[in-house]
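Descriptive structure summary
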Amino acid sequence: MNATPPSRRLLLIAASVLAVLLVVAATKQTGDWVEKIQVQNGQEFLKALRNTTSEALRVWKEEELNALDYWAGTSVVQVAAQELVDDYEKGNMDGHSSPLENIREWYEGVRSVRSYEGFFIVGAGNTNLGSSRDEDLGIDNVLADQGALLESAWRGQSFCSSPIRSDVELAIEDGRMVEGRATMLCGTGISNEKGEIIALLLIRINPYKTLFPILERSRPSQSGETFLFNGKGEIASHSRFLNSYHERADGKVVSFFSSIGLSAAQRRIILQPLINAKRTGPASRFSTMVPFLNCRSESVVGAWEWNDDIQMGMVVEISEADAFAPIWVTRRALNVFGVIAGIAIFLTMIAHQIWLIKEKERRERLEREVELNHLKSDFLARMSHEIRTPMNGVFGMLECLSESKLDKEQADRVETALTSASSLLAILNDILDLSKIESGEIHFCQESFDLHKVAKDVLHLFDDIAKEKRNTLELDWDSRLCNTFLGDSVRISQVLINLLSNASKFTVDGKVVLKVSMTQPERQVLFEVVDSGVGIPEDRMEAVFSEFIQADSSTSRNYGGTGLGLAIVNRLVKGMRGEIGLRSKVG
């Protein structure tokens, strides 16, 4: 096996390495581009979820305050509030007074349709004039230490406080009373007939049934969470990942609400930017796809803002694993593609190298075969010519001898010698023709001739053989054909003679027909030799056109011949730009 020149091998190796490097670079570039797009999409998703949740909180607060304003404007509340104010100014604080009973009766009807857990009627000095609990009467309201909210209500501005730890035990989902559970208070002014605010109506709202479900519906995934935090950095909403309650040894159930704070990373990344933005102007909204640790020490990404409607910060976060899963999957897929592409290129280069080597071997082998064929053809042509010359002499002398006076035994021997010499001379002519064809020494002439006459003359050559074998010879001529054609009449005659010779050789007591017709739509001349002979097996049809090949090993023994006739016919037909085929069945 000849090796590829070193310079060419080095060039192929360099090309392979360069192609692999280009694939790696393209894969990395594509991965970086896809990662950038997916990071942007992830950040936009978190922003959109944060903005949607913020809008949902605004709508919720507006609905709560509208309902509260409606209740504060009802005659029952206004009359009861005025009477409570009058009683307070007179120093009469009775837990069973008529106005208090009236407003408590009103509250019982309202709480059946709203998620309310209590109410307050607050008078001057932020003192509780009425409440759903007797214990709250005559003392400062629970929001007194957050004077700004109550002051805004006295100025005619309704409010909703942020979730705070309740000062009283409140029920949870399973009915147990819990100390320190989250609660919210919404308040508005109660006006008299002159439009003057005479008292405040505060309603205690259960955030677990109103506010927190909005946050739960805004969770971005199974690993994500949306939660609230206050200005102290305390988480001020329910978390599905943290235990919300603890039962003490004395049986009391205590809530963990607001006892869990933001992590150091969350304070640095979330709380501090919001505080700074609040100091310099309107609070900004922030988001990041740079992972940070949350209060559960999990790596997350998120978006956040300070919500003025509820005076709390809101965070939408999702685990780093979920946020970057599409990126990692895409990156792995691209890496796999890059590896496969690199291997494919490398294998392609190797396959190309092998193909070049084998192609060179094939060309060299073909050249040797062509050279050997030329040598063989030249040798056979020379030998056939050299043998045919003395054979013509032998054949001539045998013919002369056959015409002399011979007894019967001598005449039979001369006839046998003539037959053998004729067969040998035919073999030599076939070999010489095949050699000339292979060496390219046969030239096809183009001259005008009468095809009908050629067909008749060729058919007449087999009259004696047909009589001997009791065969019928027929010429089936297509009437659409004219007689005169342009071509090599000698070679056409040679082809027809070989085909008719084969047909006659293998047919006894049958029919041999030479059909000449015109094909449609090609308008070409079609020659068909049809016989009723022994037939050729299907698996041997293609082989009969090869040199020295016959349909059966017994053919030469039974019928004679060398198997060159059809090979010569095949070469001659192709030389005249024609086609030859065979249809047959045995029997």
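As the structure is a computational prediction, the values presented were derived from the model and not from experiment.

So, on to the confidence of the model for the protein. Taken over all residues, the pLDDT of the protein has a mean of 80, while the share at 70 or more is 84%. Ranking the elements of the protein by mean pLDDT puts helix 12 (residues 555-559) last with 46 and strand 8 (residues 197-205) first with 94. For the stretch residues 553-560, pLDDT sits under 50, and the model shows 10 contacts to residues farther than four places along the chain or on other chains.

This next bit is on the layout of surface pockets. Quantified by volume, the second largest pocket comes out at close to 420 Å³. Along the walls of the second largest pocket sit 26 residues, with Arg111, Tyr116, Glu117, Leu170 and Ala171 positioned nearest its centre. Of all elements in the fold, only helix 3 (98-111), strand 1 (116-122) and strand 5 (170-171) reach the threshold of two or more residues within the lining of the second largest pocket. At 5 residues, the largest contribution of residues to the lining of the second largest pocket is made by strand 1.

Let's shift gears to unusual backbone geometry. Phi is positive for Ser297, which is not a glycine, with a value near 60°. Among the secondary structure elements, Ser297 is positioned in the loop between strand 12 (286-293) and strand 13 (299-307). One non-glycine residue, Arg577, lies in the positive phi region at around 60°. Tracing the sequence through the fold places Arg577 in the segment after helix 13 (565-575). Classification of Arg577 by relative accessible area gives exposed; the value is 76%.

Within strand 18 (residues 511-518), 6 of the 8 residues are buried, leaving the element largely enclosed by the surrounding structure. As paired elements, strand 18 and strand 19 (residues 525-531) share 7 bridges and run antiparallel to each other. Its bridge partner lying in strand 19, Leu514 is registered against Val529.

The next point concerns the sheet that holds strand 12. The 4 strands are arranged 9-14-13-12 in an open sheet whose pairing can be described as antiparallel. A single partner strand is all that each edge strand has here, and the edge strands are strand 9 (225-229) and strand 12. Strand-to-strand twist across the sheet, computed as the mean angle between neighbouring axes with direction ignored, equals 30°. With 5 bridges joining them, strand 12 and strand 13 adopt antiparallel strand pairing. In the sheet register, Phe286 faces strand 13, and the bridge partner there is Trp304.

What counts and how
- Residues numbered from 1 in each chain as written.
- Predicted model: local features only at pLDDT ≥ 70, side-chain atom pairs only at ≥ 80, totals over all residues.
- Heavy atoms only, no water.
- pLDDT = per-residue confidence, 0-100.
- Helix = DSSP H or I, 4+ residues; strand = E, 2+ residues; numbered from the N terminus.
- Contact = heavy atoms within 4.5 Å.
- 1 Å grid on protein atoms, 1.4 Å probe; cavity = no way out; pocket = protein on both sides within 12 Å on 5 of 7 lines; lining within 4 Å.
- Points joined across faces, edges and corners; volume = space filled by probe spheres on them.
- Buried < 20%, exposed > 50% of the residue type's maximum accessible area, 1.4 Å probe, protein only.
- Pairing = 2+ DSSP bridges.
- Axes fitted to C-alpha atoms, helices over the stretch in contact; angles between N-to-C directions.

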